[in-house]
Amino acid sequence: MRARVFPDYEAMSEAAAALVVLRLREKPSTVFMLPTGTTPLGMYRRLVEMYRAGQVSFAGATFFNLDEYLGLVPDHPASYHVYMKEHFYGLIDADPARTFVPDGSAPDPAAECERYEAAMREAGGIEVCVLGIGRNGHIGFNEPGASFLSRTRVVRLSESTRNVNAADFEENRAPQRALTVGMATIFESREVLLLASGTNKARTVAASVEGEISESVPASMLKGHPNAELFLDEDAASDLGSGVAG
Ligand code: GLP
């Protein structure tokens, strides 16, 4: 797993957007997996700008999102459906028929997870998976301890994750559970790009890059991936030893 350190958040976001556009130019029908959170916002902003400038089209691509809160209807303001619509899918020429976010309001969540996993399989699997990272090392909503063999499923969120995300919800109460694409599904992506920004990610980034591969640090799984890269800003890289390429 290679780590590239950029001077700041904007430079990191720019590089992430450039990689997405490069993959689209190589193959307009690329199948992407995409994250939510604050980290990828700069990348989405840049991609939307490039789309508006006529430099890129997303019309041939397929998009899958990583996760969604259980129990939220797709138009709930804190849902990842709304997030993606407002920050990306609603602002570009993505084909709604090839744009997927797990349905947190599905009557049978386990069946929804199976359906989602099958949709990724039918699309030929994920080619480019972009990830953020939680402060505790989670990827998607795969919290510490998640099996590297796991598939898309319903998970219980840790207290720390619920606290970090609480501000998005009324009375500061984040849902207790979520649907997330599993670790094995993420691992099978042909290419993985993990983005991390800010000092509050520095410790978990260092543990992921320099520690043992362990289910207690989900992002450490990527050390065993043949084609995974980390894009970091200097703050997120600040706990790394000197062995990291710039
Ligand atoms: C949420 C999402 C993750 C995301 C993480 C980090 O829990 N489910 O996919 O990577 O938050 O978010 P942020 O980028 O806001 O720090």
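This report concerns the structure included in the present document. Along each chain, numbering runs from 1 in the same order as the chain's sequence is written. A pLDDT threshold of at least 70 governs which residues receive local features in this predicted model, and a stricter bar of 80 or more applies before side-chain atom pairs are shown or counted, although totals over entire chains, interfaces and linings include all residues. Only hydrogens and water are set aside; all other atoms, that is, all heavy atoms of the structure, feed into the side-chain values.

We treat two strands as partners when DSSP finds at least two bridges between them. Here a strand is any run of E in DSSP of at least two residues, a helix any run of H or I of at least four, and the numbering for each starts at the N terminus. Spatially, β1-β10-β9-β6-β2-β3-β5 is the arrangement adopted by the seven strands of the open sheet, whose pairing is parallel. Both edges of this open sheet fall to β1 (2-6) and β5 (99-100), since each of them pairs with a single strand only. Residues count as neighbours in contact if any of their non-hydrogen atoms are within 4.5 Å of one another. Convention adopted: a line fitted to C-alpha atoms gives each axis, helices being fitted over their contacting stretch, and angles between N-to-C directions are expressed from 0 to 180 degrees. Its contacts with the sheet place helix α4 (residues 109-122) against β2 (31-34), β3 (62-65) and β5, and it is angled at close to 150 degrees to β3.

The next thing to look at is the pattern of salt bridges. Whenever Lys or Arg places a side-chain nitrogen within 4 Å of a carboxyl oxygen from Asp or Glu, that contact is recorded as a salt bridge. The final tally for this structure, using the stated rule, is 12 salt bridges. Between K27 and E127 there is a salt bridge, with its nearest N and O atoms 2.5 Å apart. Highlighted residues: K27 in the loop between α1 (9-26) and β2 and E127 in the loop between α4 and β6 (128-131), separated in sequence by 100 residues. Per-residue accessibility, obtained with a 1.4 Å probe over protein chains only, is compared with the maximum for each type, and a residue is labelled buried under 20%, exposed over 50%, and partly exposed between these values. Among the residues examined, K27 registers a relative accessible area of 36% and is labelled partly exposed. Between E112 and R115 there is a salt bridge, and its shortest N-O distance comes to 2.8 Å. Within this pair, E112 and its partner R115 are both found in helix α4, separated by three residues, close to a single helical turn. On the accessibility criterion, R115 (43% relative accessible area) is partly exposed. Taken together, the shared-partner salt bridges in this structure form one network comprising E14, R46 and E49.

This next bit is on the site of the ligand. By nearness alone, every residue bordering the ligand is listed as G37, T38, T39, D67, Y80, G132, I133, H138, G140, F141, N165 and K201. G140 is positioned with one of its backbone polar atoms (N or O) 3.3 Å from a nitrogen atom of the ligand. Polar contact is defined as a pair of N or O atoms within 3.5 Å, subject to the rule that within protein one atom must be able to donate a hydrogen and the other to accept it, and that residues adjacent in sequence are counted only when both atoms are side-chain atoms. The separation between an oxygen atom of the ligand and a polar side-chain atom of K201 is 2.5 Å. What sets the accessible areas is the Shrake-Rupley method with a 1.4 Å probe; for residues, cover comes only from the shown protein chains. Computed on the free molecule, the ligand has an accessible area of 390 Å², of which 89% lies beneath the protein chains in the complex. Three classes are used, and their members are as follows: Ala, Val, Leu, Ile, Met, Phe, Trp, Tyr, Cys and Pro are nonpolar, Asp, Glu, Lys and Arg are charged, and the others, Gly among them, are polar. Class assignment of the residues belonging to the shell around the ligand gives a composition of three nonpolar, seven polar and two charged. Definition of nearness: a residue and a molecule or strand are near each other if at least one heavy atom of the residue lies within 4 Å of the molecule or strand.

The values are spatial; any link to function lies outside them.
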